[in-house]
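Inside the fold
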Amino acid sequence: MRVFACSDLHVDHAPNRACVEALSREDFRDDVLLLAGDVTDDLGLLGDTLSALRERFARVFFVPGNHELWERRGRVRNALARFETVLGLAQRLRIDTAPALVGEGAQRVRIVPLFSWYRRPHEGTSSLFVPKPGERTEAGWVDDRLVHGPERLGTPPADYFLALNEPRLGAGPEPVISFSHFLPRRELMFSDGEPRARDPHPEFNFSRVAGCSLLDAQIRRVGAVVHVYGHQHRNRDRHIDGVRYVSHCLGYPRERAGGHVERAATRPRRVFPAD
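Keep in mind it's a predicted model, so treat the numbers as computed, not measured.

A short note on the sheet that holds strand β6 (residues 176–179)
To summarise the sheet geometry, strands pair through backbone hydrogen bonds and adopt either a parallel or an antiparallel arrangement. Spatially, β4-β5-β6-β7-β9-β8 is the arrangement adopted by the 6 strands of the open sheet, whose pairing is mixed. Each edge of the sheet is formed by a strand with only one pairing partner; in this case those strands are β4 (100–102) and β8 (236–240). With direction set aside, neighbouring strand axes in the sheet form an average angle of 20 degrees. With 3 bridges connecting them, β4 and strand β5 (residues 109–113) associate as antiparallel partners. Paired with Leu101 across the strands is Arg110, a residue of β5.

Right, here's the structure in full:
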């Protein structure tokens, strides 16, 4: 058994759907996939994609990203109802959204999906905000238009998801691999000496909506040795204070064409055993 990871498939774009369809139906039959959010906001297409991945992997674990909470088609549901609808769809398709043990013997690991959201700068010190020269604070953020009724999740919304994770944080003897959509640490936003592509959105400060440091506290409480995340469309593989953080995003076709997604995830990346 191996554990693979990917995120930000954005299958609304035909080239991204083709990447999913191109995955082997034989190579991953005994393996596990961690899917760290932002597949699509189209529930029909989400179901089709989850089903396609479930046909290729022995088990698929999933957490929603912000795109799964977008509502721009048909009946408008508030963010909480939308979140519950997405989880219900996953359950019907036999997609795991709760912690579980996988593997046998020395390959036995505990997979812990962690729900998450971001804290904005005014929502407290656990925001990942870092000032950016030249930014415009009024620069548009699509969640503000397409995530309806976020107040139903509480203020700040990140606290709602952190509270959902609390029952998941019990530790056991097995190694733990956790995953979330949003970032748990500021350091992960930056290139750390890697070549940096030109900033395609110099007026937009991603750190305002990147994640929440309280998520990292949960990662460490559960004893994760590997944590997979997504959201930024910038791929990373870092060891920080005993935890390996891996981002393996597909991103948008235009980002890949422009070289903005390093090592774009046209195939899932193996995270256990270490590649």
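We are not done yet, so read on.
Concerning the packing of helix α2 (residues 43–56) against helix α3 (residues 79–92)
Taken N-terminus to C-terminus, the directions of α2 and α3 make an angle of 30 degrees; their axes are 10 Å apart at the nearest point. Overall, the two elements α2 and α3 adopt an arrangement that is roughly parallel. Crossing handedness for the pair α2 and α3: right-handed. Of α3, the residues touching α2 (which contributes Leu43, Leu46, Gly47 and Leu50) are Arg82, Thr85, Val86, Leu89 and Ala90. Split by residue class, the contact of α2 with α3 holds 6 nonpolar, 2 polar and 1 charged.

Regarding the packing of aromatic side chains
One pass over the structure, following the stated rule, counts 12 aromatic pairs. For the ring pair Trp117 and Phe161, a centre distance of 6.0 Å and an interplane angle of 25 degrees mean the geometry is stacked. Note that Trp117 is positioned in the loop between β5 and α4 (143–146) and Phe161 in helix α5 (residues 157–165), a separation of 44 residues in sequence. For the pair Trp117 and Phe161, a shared accessibility class is recorded, and that class is buried.

What to know about the pattern of salt bridges
Enumeration according to the criterion identifies 19 salt bridges in this entry. When the shortest N-O distance is used, the salt bridge between Asp216 and Arg185 registers 2.8 Å. Within this pair, whereas Asp216 is found in helix α6 (residues 213–221), its partner Arg185 is found in the loop between β6 and α6, the two being separated by 31 residues in sequence. Asp216 is the partner of Arg220 in a salt bridge, and the nearest nitrogen-oxygen pair spans 3.1 Å. One end of the pair, Arg220, and the other, Asp216, are both in helix α6, 4 residues apart, so they sit about a helical turn from each other. Residue classification places Asp216 among the buried residues on the basis of a relative accessible area of 7%. Among the charged side chains, a network of salt bridges with common partners joins Arg185, Glu187, Asp216, Arg220 and Asp241.

Concerning α3
Taking 1.5 Å per residue as the helical rise, α3 with its 14 residues ought to reach 20 Å, and the 20 Å between its terminal C-alpha atoms agrees with that figure. As for α3, its buried residues are in contact with α2, β3 (59–62) and α5. The N-capping residue of α3, defined by a side-chain oxygen 3.0 Å from the backbone nitrogen of Leu80, is Asn78. Backbone geometry just downstream of α3 places Arg94 in the positive-phi region, at approximately 60 degrees.

Side note on the nonpolar core
Val3, Leu34, Ile111 and Val228 are the most contacted members of the largest nonpolar core, which totals 55 residues. Once you skip the residues sitting within four places of it in the chain, Val228 turns out to touch Ala5, Leu34, Ala36, Ser178, Phe179, Ser180, Val246 and Val271. Counting residues in each nonpolar core, the second largest holds 24 residues, with Val39, Leu45, Leu53 and Phe62 among its members.

Some words on α2
For α2, spanning 14 residues, the distance from its first C-alpha to its last is 20 Å, which sits close to the expected 20 Å at 1.5 Å a residue. Of the residues making up α2, those classed as buried are Leu45, Leu46, Gly47, Thr49, Leu50, Ala52, Leu53, Arg54 and Arg56. On its buried side, α2 packs onto α1 (14–21), β2 (32–35), β3 and α3. Two or three places before Gly44, at the start of α2, stands the capping residue Asp42, its side-chain oxygen 2.9 Å from that residue's backbone nitrogen.

Some remarks on the side chain of Asn235
Following the sequence through the fold, Asn235 ends up in the loop between β7 (224–229) and β8. Classification of Asn235 as buried rests on a relative accessible area of 1%. Of note is the side chain of Asn235, whose polar atom sits 2.6 Å from the backbone nitrogen of Cys249.

Concerning the sheet that holds strand β10 (residues 269–272)
A sheet is described by the order of its strands in space; here 4 strands give the open sequence β3-β2-β1-β10, paired in mixed fashion. At either end of the open sheet lies a strand with only one pairing partner, and these are β3 and β10. Pairs of neighbouring strands in the sheet enclose a mean axial angle of 30 degrees, with direction left out of account. The strands touched by α2 within the sheet are β2 and β3, with β3 carrying the most contacts at an inclination of about 140 degrees.

Describing the pairing of strand β1 (residues 3–6)
On β1, burial covers both faces: Val3 and Ala5 on one face and Phe4 and Cys6 on the other are all buried. Judged from the 4 bridges that link them, β1 and β2 form a sheet pairing that is parallel. Directly across from Phe4, in β2, lies its bridge partner Leu33. Between the parallel pair β1 and β2, the chain is carried across by α1, and the sense of this crossover is right-handed.

Criteria and cut-off values
Here, residues in each chain are numbered from 1, in the same order as that chain's written sequence. Whole-chain, interface and lining totals are the exception, using all residues; otherwise, since this is a predicted model, local features are given only for residues with pLDDT of at least 70 and side-chain atom pairs are given and counted only at 80 or more. Only hydrogens and water are set aside when side-chain values are computed; all heavy atoms of the structure are taken into account. Whether two strands pair depends on DSSP finding at least two bridges between them. Strands here are runs of E lasting at least two residues and helices are runs of H or I lasting at least four, both read from the DSSP assignment and numbered beginning at the N terminus. For helices, the axis comes from a line fit to the C-alpha atoms of the stretch in contact; other axes are also lines fit to C-alpha atoms, and the angle between any two N-to-C directions lies between 0 and 180 degrees. Throughout this description, any angle smaller than 35 degrees is read as roughly parallel, any larger than 145 degrees as roughly antiparallel, any in the 65 to 115 degree range as roughly perpendicular, and the remainder as oblique. A clockwise turn of the near helix away from the far one marks a right-handed crossing, whereas an anticlockwise turn of less than a right angle marks a left-handed crossing. Only heavy atoms matter for contacts: two residues are in contact if any of them lie within 4.5 Å across the pair. Three categories are distinguished: nonpolar for Ala, Val, Leu, Ile, Met, Phe, Trp, Tyr, Cys and Pro, charged for Asp, Glu, Lys and Arg, and polar for the others, with Gly belonging to the last. Aromatic contacts are taken between Phe, Tyr and Trp rings whose centres are within 6.5 Å, Trp giving its six-membered ring; a plane angle under 30 degrees counts as stacked, one over 60 as edge-to-face, and the others as tilted. Each residue is placed in one exposure class: buried if its accessible area under a 1.4 Å probe, protein chains only, is under 20% of its type's maximum, exposed if it is over 50%, and partly exposed if it falls in between. The working definition used for a salt bridge is a side-chain nitrogen of Lys or Arg within 4 Å of a carboxyl oxygen of Asp or Glu. Expected span of a helix: the number of residues minus one, times 1.5 Å. Two N or O atoms count as a polar contact when they lie within 3.5 Å, although within protein this holds only if one can serve as hydrogen donor and the other as acceptor, and sequence-adjacent residues are included solely when both atoms are side-chain atoms. By nonpolar core we mean a set of buried residues, namely Ala, Val, Leu, Ile, Met, Phe, Trp, Tyr and Cys, connected to one another through side-chain atoms within 4.5 Å. Crossover handedness is defined by viewing with both strands directed away from the observer: a clockwise path from the first strand over the helix to the second marks the crossover as right-handed.

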